[in-house]
Amino acid sequence: MVSEFMLQQTPVNRVLPVYEQWLSRWPRPADLAEESPGEAVRAWGRLGYPRRALRLHGAAAAIAERHGGDVPTDHAKLLALPGIGEYTAAAVASFAYGQRHPVLDTNVRRVFARAVTGVQYPPNATTAAERKLARALLPEDEHTASRWAAASMELGALVCTAKNESCVRCPIAAQCAWRLAGKPAHEGPPRRGQTYAGTDRQVRGRLLAVLREAVGPVPQPALDRVWDEPVQRARALDGLVADGLVEPLPGGLYRLPLT
């Protein structure tokens, strides 16, 4: 569950050291639940999208309260945890517990789009048709289905990559509809990469870095120094407060959340 939260929108090489430190400090959900949400944000480091840390903390607290400290095996109970959506519930049930669930991440969707549908890229958002296809392709046997989920994800991550795909290494190249059609170019909406420099995300990251490194509340002037543009800086700080990632205190002080 920890790895699935961390790997959302963050590559493995960045996640691995934080993941190992996290599980060393908090090997069970109850261990994390005993800490403040701010400690989860602090330990999240520079992984980005730090609301995931709050959601993981919330899920750990719910597991400790409702499930005796054990991550539930039932898909519906996983889905009922705060911060866990369809993908994460299916991934935990499949990868941790060997159950039969379609696991649709970006890599799997790309493999299915090319191999079955014959297009270079899947739609920007997961569609009902993709979910129906994933269910139809899933092997009936539970053990085989969980291996299939992992294998299709690895195929997309390592072979059928977004760029510079390695068809010569692909075990299903002979059946791939996109390859057999001559690899037609993407005809959907432009695929834009996410920018970071100069965005509110960058400002939020710098503000959180100051708060993570502080041993106590941080005064406003210390935060003001991280970004010259006052309107954007104020907007980013207000967003952090609204998201529950930063707690304002009297006297113009700020800290990571305690509750």
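These numbers were taken from a predicted model, which means no experiment stands behind them.

### Side note on helix H14 (residues 230–242)
- Given a rise of 1.5 Å per residue, 13 residues ought to cover 18 Å, and the 18 Å separating the end C-alpha atoms of H14 matches this to within 8%.
- Every buried residue of H14 is accounted for by Gln232, Arg233, Ala236, Leu237, Gly239 and Leu240. Down the axis of H14, the smallest arc covering the buried residues is 155 degrees, so these residues share one side. Exposed and facing more than 90 degrees away from the buried side of H14 are Val231, Asp238 and Ala242.

### Section: the domain arrangement of the protein
- One can read the domain layout of the protein as domain 1 (2–96), domain 2 (106–180) and domain 3 (200–255).
- Computed over C-alpha atoms only, the centres of domain 2 and domain 3 are separated by 42 Å.

### Details of the packing of aromatic side chains
- Summed over all chains, the structure comprises three aromatic pairs.
- Pairing Trp22 with Trp26 gives two aromatic rings, centres 4.7 Å apart and planes at 75 degrees, and the pair type is edge-to-face.
- On the accessibility criterion, Trp26 (3% relative accessible area) is buried.
- When the ring of Phe112 is compared with that of Trp148, the centres are 6.3 Å apart and the planes differ by 25 degrees; the resulting orientation is stacked. Highlighted residues: Phe112 in helix H8 (residues 106–117) and Trp148 in helix H10 (residues 142–158), separated in sequence by 36 residues.
- Residue class for Phe112 comes out buried when judged on its relative accessible area of 8%.
- Here the aromatic cluster, defined as three or more aromatic residues joined through ring pairs, consists of Trp22, Trp26 and Trp44.
- Sitting over the ring of Trp178, Arg114 keeps its end group 4.7 Å from the ring centre.

### Brief notes about a nonpolar patch on the surface
- Where nonpolar side chains cluster on the molecular surface, the patch consists of Leu7, Val12 and Leu16 and spans about 240 Å² of accessible area.
- With respect to the element layout, Val12 can be found in helix H2 (residues 12–25).

### Examining the nonpolar core
- Met1, Met6, Trp22, Leu56, Leu207 and Leu211 are the most contacted members of the largest nonpolar core, which has 43 residues in total.
- The set of elements that each furnish at least two residues to this core consists of helix H1 (2–7), H2, helix H4 (37–44), helix H5 (51–66), helix H7 (86–96), helix H12 (200–213), helix H13 (220–224) and H14.
- Two domains share this core, each providing at least three of its residues, namely domain 1 (2–96) and domain 3 (200–255).
- Other than its neighbours up to four places away in sequence, Met6 contacts Val15, Val18, Tyr19, Trp22, Trp44, Leu47 and Arg52.
- Leu104, Met153, Leu155 and Ala173 belong to the second largest nonpolar core, which has 15 residues in total.

### Structural notes on the packing of H12 against H14
- One can describe the packing of H12 onto H14 by two numbers: an axis separation of 9 Å at closest approach and a directional angle of 70 degrees. Between H12 and H14, the crossing angle belongs to the class labelled roughly perpendicular. The two elements H12 and H14 cross, and the hand of that crossing is right-handed. Where H12 approaches H14, its residues Asp200, Val203, Arg204, Leu207 and Leu208 are matched on the opposing element by Gln232, Arg233, Arg235, Ala236, Leu237, Gly239 and Leu240.

### Some thoughts on the packing of H7 against H10
- Running from N to C, H7 and H10 cross one another at 120 degrees; their axes reach a closest spacing of 8 Å. Regarding the angle of H7 to H10, the classification is oblique. Pair H7 / H10 crosses with left-handed handedness. Here Tyr87, Ser94 and Phe95 of H7 lie close against H10, whose contacting residues are Ser146, Ala149, Ala150 and Met153.
- Residues that form the contact of H7 with H10 fall into these classes: five nonpolar, two polar and no charged.

Conventions we followed
Residues numbered from 1 in each chain as written. Predicted model: local features only at pLDDT ≥ 70, side-chain atom pairs only at ≥ 80, totals over all residues. Heavy atoms only, no water. Helix = DSSP H or I, 4+ residues; strand = E, 2+ residues; numbered from the N terminus. Expected span 1.5 Å × (residues − 1). Buried < 20%, exposed > 50% of the residue type's maximum accessible area, 1.4 Å probe, protein only. Arc of directions from axis to C-beta. Domains from an automatic or database assignment. Phe/Tyr/Trp six-rings, centres within 6.5 Å; stacked < 30°, edge-to-face > 60°. Lys NZ or Arg CZ within 6 Å of the ring centre and 35° of its normal. Patch = residues over 30% accessible without salt bridge, like charges linked within 9 Å, V, L, I, M, F, W, Y side chains within 5 Å. Areas by Shrake-Rupley, 256 points an atom, 1.4 Å probe, with all protein chains shown as cover. Salt bridge = Lys/Arg side-chain N within 4 Å of Asp/Glu carboxyl O. Core = buried A, V, L, I, M, F, W, Y, C linked by side-chain atoms within 4.5 Å. Contact = heavy atoms within 4.5 Å. Axes fitted to C-alpha atoms, helices over the stretch in contact; angles between N-to-C directions. Parallel < 35°, antiparallel > 145°, perpendicular 65-115°, else oblique. Left-handed = near helix turned anticlockwise from the far one by under 90°. Nonpolar A, V, L, I, M, F, W, Y, C, P; charged D, E, K, R; others polar.

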